[in-house]
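Coordinate inspection notes
Here are the chains, one letter per residue:
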Amino acid sequence: MAAEPTTRELRELVAEYEFERGHLLPALIEIQEHYGYVSREAIEVLARQLRTTPALIYGAVSFYADFRTEPPPEREISWCSGPACRLRGGDRIREALQRTLDLPLDGQSEDGAYGLRLGQCNGTCSEAPQVWVDGEVVGGLTVAGAVALAREVKGDA
Amino acid sequence: MNDRFTAIATEARDRWEAARASGREQVSLCLDTSSLARGGAETLAALQQAVAAKGLNVDIQTTGSWGFCWLEPTVSVRSAAGTRTVLYHSLTPDRVEEFVQSVLVEAGELPELALGVVEGAPSDQVGMLDDHPFMQGQIRRLMANCGQIDPENIDHYLANGGYEGFVKSLDMEPEAIIELMLESGLGGRGGAGFPAGRKWDFLRNATAEPRYLVCNADEGDPGAWVNRILMEGDPHLIIEGMLIAAMATNSVEGYIYIRHEYPLSIERMNVAVEQARERGLLGEDILGSGKTFDLVVFVGAGSYVCGEETGLINSIDGYRGMPRIRPPFPAQAGLWNLPTNVNNVETYANAPLVLRHGAAWWSGVSDDEAKGTKMFTISGAVNQPGCVEIPFGLSVRELLEKYGAGTPDGVPLKGYQPGGPLSGVLSAEEADLPLTLAPFRDRGLFLGSGGIVFFDETTSVVDLCTYFLGFAEDESCGRCTTCFQGTQRAVEILRRIGSGGGRESDLDKFEDLIQTMTWSNCLHGSFAMTTVKLALRYFREEFETLIREKRDPTRSLPGMITYEVTSPGDPALPEAAAICPTEAIVEAGSSYDIVDELCIRCGACAEVAPDAVTVRDRFV
Ligand SMILES: Cc1cc2nc3c(=O)[nH]c(=O)nc-3n(C[C@H](O)[C@H](O)[C@H](O)COP(=O)(O)O)c2cc1C
Ligand code: SF4
Ligand code: SF4
Ligand code: FES
């Protein structure tokens, strides 16, 4: 993942996308894969490239849950919001995670060291209740386990 | 038959046969998302390492899922002579060494991990896989290849009858293909069950060109993963189905819209599209027929309403994925405002089976009015969360008891949600309903896309409603006030009821919302209140108890309970105090107290000190 994107880099990254319908989402996904987020600058560059307005692009960025407008945290707990997890204490796990990390869902610490994200069920419900820590499943979680995990991610453990 | 295809298929079959006659043992590890969640990647690495280190005469391949999701990683071992294949379960990385030693080195069997014999004769200790309780009664047509072939190798698909249905359709008039689909009775698998043949006919009759196909692989219903099983287990089946639809409708291009939560599905569909193109099965002049059709794998970015077909079209078009106002319907104005057909993954996946085996064979699987087999995933309060394929018509209870192995710890079933957040909840008394379209339609809901979530007596129905309405609120696209404000209002009232502030008039307010929200533009808004509507029908007393007695019979709603230290000297209390995320557990003399104002009712203390902490009703 690269650092602060420069305008030139950004232009190169999106150069192959054209003013053709069907290119917006793939372009945004590519930007996010490259930089970890979609910066203001990136929105402007992409608007020029696709010959549309930054407003239209920002509209899409804000519509989809997956896009970030600031760099992702170094470590992240993604909480499964799905039903199987909910039935096994998932919502109490969410409360405990939020309190321990002192963050709302989709929030991150000021220094960018850790964050908490709302995740969607991907059909690994046999692991319920679960979270993903930096993309890795941690299943069969208890609330106490979630507190311990959050403390560890936060660096308090 | 198309000569070019015969050549391609023959070569593929030769390679497949050669690999199977190699005189080497074949180990096939299921590597799907569920397996990965249970250490599948590490298992694979450990297997490869052990086989290399010991210089074993073994080929290792990866496959999709058999549906035993709760027992992943599953792995099958086919003997060197090719006479016997046994399927094992729970091959977690720590068990690989023992497994390699006893099964591969000593050429024995591990009965304690065996699910059954796939090919060959049963032994005293290992029965046939088909006789395994989880497999009995399942009819695996869509899933025939799942677990058995490498989804990233088109040879495997071709060697097992793959693309033969498409090749048949190449020689058919569009009308004849559609006639066949209508005859089969194939209904859409994405929720509403609309006849696929009729939808294709709309597109065939469209006036504008070019025409497009869309495969809806957004699978946004939490608790549903049937589309994922197909994409990760047999991606070519979906491509073949889309090719057939393209021949029936004269479409030139197709989009497979996959949610970003499914990276492995995205990868496997991309590999499959690439391989199909290499073999001349996609692109221009397919198999020398002069027909053109190509596919794009399109990745979503996190939005439930993008599963609604017009939201999905907007999303590909490059706008916010807001459901459109219909008409015009996609068959008139879809992608780039050109005629478009949208079907679910499983709908397309059935088409090759109809073409290959005929409509009568396909629909003859049961005498239910809904034709063909249906895949279901079961989760929630079940002992065995997994994926099955059965004919329509089996009862919900059978699904739970037979395949889900009942509810955990024998807690009685309270109810279930048949298909996604918009489909509502039904009580356990309705568990004898057959899994087919009509009984659910009669009760004002959809059977849905196949994700069935069971819940037991420990679950509060108000909590469920809060969850599903909260989901609908989060995911509303914001176009209709009825939907985005209606869901918000419903959540507010539900939260109030769930924390002891319920009012008698709230139930009337729900009735108001149920009525008002039906006037929303798309089903997301108009069906969002189904959960509350049905919860009021089946579980009204629970709402009334909460409102009138301020008591939660399940003692699970955070707003209705308190935690109390009831066994002061318990040695686990210091640990409970340490784990409490809000420091609500404080030392008081020789024991501990819970400061109610600080307590967030997370229950961590009760897990750590179950004998010392008691949950009590807050208001009674
Ligand atoms: C809010 C909402 C979400 C939907 N999500 C999906 C989905 O994830 N997958 C799907 O196939 N259909 C979904 N549908 C249904 C589609 O609009 C459409 O009916 C379906 O894709 C048609 O395919 P079929 O005829 O093959 O069932 C959704 C509908 C609504 C209203
Ligand atoms: S009903 Fe809801 S999701 Fe559908 S268009 Fe209206 S606001 Fe959007
Ligand atoms: S329920 Fe949670 S917040 Fe309340 S005392 Fe126990 S651990 Fe602390
Ligand atoms: S509900 Fe959490 S993975 Fe399905």
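Residues numbered from 1 in each chain as written. Chains lettered and ligands numbered in written order. Predicted model: local features only at pLDDT ≥ 70, side-chain atom pairs only at ≥ 80, totals over all residues.

1. Quick notes on the overall build of chain B
Looking only at helices and strands, chain B features 24 helices and 18 strands. Taking 2.2 N^0.38 as the reference for a compact globule, 620 residues should give roughly 25 Å; the C-alpha atoms of chain B span a radius of gyration of 27 Å, in line with that estimate. The C-alpha extent of chain B, read off along each of the three principal axes, is 85 × 65 × 40 Å. Counting all 620 residues of chain B, 56% fall into the buried class. (Helix = DSSP H or I, 4+ residues; strand = E, 2+ residues; numbered from the N terminus. Rg over C-alpha atoms; globule rule 2.2 N^0.38 Å. Buried ≥ 20, exposed ≤ 12 C-beta atoms within 10 Å, placed from the backbone.)

2. Thoughts on the site of ligand 1
Residues and elements named next belong to chain B. Residues in contact with ligand 1 amount to 23 residues; listed here are only the nearest, G188, G190, G307, N344 and T347. In terms of residues, the shell around ligand 1 owes the most to one element, strand β9 (residues 340-344), which gives three residues. When its residues are assigned to classes, the shell around ligand 1 shows seven nonpolar, eleven polar and five charged. Residues from two domains meet in the shell around ligand 1; each of domain 2 (173-361) and domain 4 (461-549) gives at least three. (Near = placed C-beta within 6 Å. Nonpolar A, V, L, I, M, F, W, Y, C, P; charged D, E, K, R; others polar. Domains from an automatic or database assignment.)

3. Some remarks on the pairing of strand β3 (residues 114-119) of chain A
Residues and elements named next belong to chain A. For β3, the buried fraction is high: five of the six residues fall into the buried class. Sheet analysis places strand β1 (residues 75-80) next to β3, joined by six bridges and oriented parallel. Residue pairing in the sheet places W79 in a bridge with L118 of β3. As defined by bridge partners, strand β2 (residues 107-108) adjoins β3 across two bridges and the pair is classed as antiparallel. Paired with G107 across the two strands is L116, which belongs to β3. The turn joining β2 and β3, which pair antiparallel and follow one another in sequence, is formed by five residues; a positive phi near 75° is taken by G112. (Pairing = 2+ DSSP bridges.)

4. A word on the domain arrangement of chain B
All names here are of chain B. With domains assigned, chain B is organised as domain 1 (3-131), domain 2 (173-361), domain 3 (373-456), domain 4 (461-549) and domain 5 (561-617). Spacing between the C-alpha centres of domain 1 and domain 2 amounts to 32 Å. On the domain 2 side, the residues contacting the eight residues of domain 1 number ten residues. When residues in the side of domain 1 that touches domain 2 are grouped by element, the largest group, three residues, is from helix α1 (residues 3-20). (Contact = placed C-beta atoms within 7 Å.)

5. Some details on the interface of chain A and chain B
By a widespread convention, an interface's size corresponds to the accessible area lost as its parts come together. Contact with chain A, which involves 38 residues of that partner, is made by 42 residues of chain B. Mapped onto the side of chain A that touches chain B, the elements with two or more residues apiece are α2 (24-35), α4 (54-63), α5 (83-87), α6 (90-101) and α7 (143-154) of chain A. By residue number, the principal contributor to the side of chain A that touches chain B is α6(A), which donates five residues.

6. Observations regarding the pairing of strand β11 (residues 386-391) of chain B
Residues and elements named next belong to chain B. Burial runs high along β11: six of the six residues are buried. Of the two faces of β11, the one carrying G386, V388 and I390 and the one carrying C387, E389 and P391 are both buried. Across six bridges, strand β10 (residues 373-380) lies against β11 in antiparallel orientation. The partner of T377 across the bridge, within β11, is C387. Hairpin remark: β10 followed by β11, antiparallel, with five residues in the connecting loop.

7. So, the packing of helix α18 (residues 481-497) of chain B against helix α19 (residues 506-517) of chain B
Residues and elements named next belong to chain B. For the pair α18 and α19, interaxial distance at closest approach is 10 Å and the crossing angle is 160°. With respect to α19, the axis of α18 lies roughly antiparallel. The handedness of the crossing between α18 and α19 is left-handed. Packed against α18, whose contacting residues are T482, C483, G486, R489, A490, I493 and I497, the element α19 presents D506, K509, L513, T516 and M517 at the interface. (Axes fitted to C-alpha atoms, helices over the stretch in contact; angles between N-to-C directions. Parallel < 35°, antiparallel > 145°, perpendicular 65-115°, else oblique. Left-handed = near helix turned anticlockwise from the far one by under 90°.)

8. A closer look at α18(B)
An α-helix turns once per 3.6 residues; consequently, residues spaced three or four apart project the same way. All names here are of chain B. Helix length check: α18 (17 residues) gives 23 Å between terminal C-alpha atoms against 24 Å at 1.5 Å per residue, within 8%. Every buried residue of α18 is accounted for by T482, C483, F484, G486, T487, A490, V491, I493, L494 and I497. Turning to α18, the residues buried within the fold contact α17 (461-475), α19, α20 (523-526), α21 (530-538) and α22 (540-549). (Expected span 1.5 Å × (residues − 1).)

9. Section: the site of ligand 3
The local shell around ligand 3 holds 13 residues, among which C580(B), C599(B), C602(B), A604(B) and C605(B) are the closest. Here the shell around ligand 3 is built from residues that sort into ten nonpolar, two polar and one charged.

10. Topic: helix α12 (residues 309-317) of chain B
α12(B) sits mainly inside the fold: eight of its nine residues count as buried. Those residues of α12(B) not exposed but buried are E309(B), T310(B), G311(B), L312(B), I313(B), N314(B), S315(B) and I316(B). Of the surrounding secondary structure, the elements contacted by the buried residues of α12(B) are α2 of chain A together with β6 (212-217), β7 (253-258), β8 (294-299) and β9 of chain B. In the segment just after α12(B), G318(B) is the residue with positive phi, at about 105°.

11. Brief notes about the sheet that holds strand β2 (residues 58-63) of chain B
Backbone-to-backbone hydrogen bonds join strands into a sheet, with any given pair of strands oriented parallel or antiparallel. All names here are of chain B. Strand order in this open sheet of five strands is β2-β1-β3-β4-β5, and the pairing throughout is mixed. Here the strands that pair on one side only, and so sit at the sheet edges, are β2 and β5 (114-119). Across this sheet, the average inter-strand angle for adjacent strands is 20°, counted without regard to direction. Where strand β4 (residues 85-88) meets β5, four bridges bridge the pair, whose relative direction is antiparallel. Each residue of the ladder has a partner; that of T85, found in β5, is E119.

12. So, the sheet that holds strand β4 (residues 131-133) of chain A
All names here are of chain A. Pairing within the open sheet is mixed, and its five strands lie in the order β2-β3-β1-β4-β5. The open sheet terminates on both sides in strands that have one partner only, identified here as β2 and β5 (136-138). By the bridge criterion, three bridges tie β4 to β5 in an arrangement that is antiparallel. Within β5, the residue paired with W132 across the bridge is V137. Relative to the sheet, α6 contacts β1 and β3, its axis offset from that of β1 by approximately 155°.

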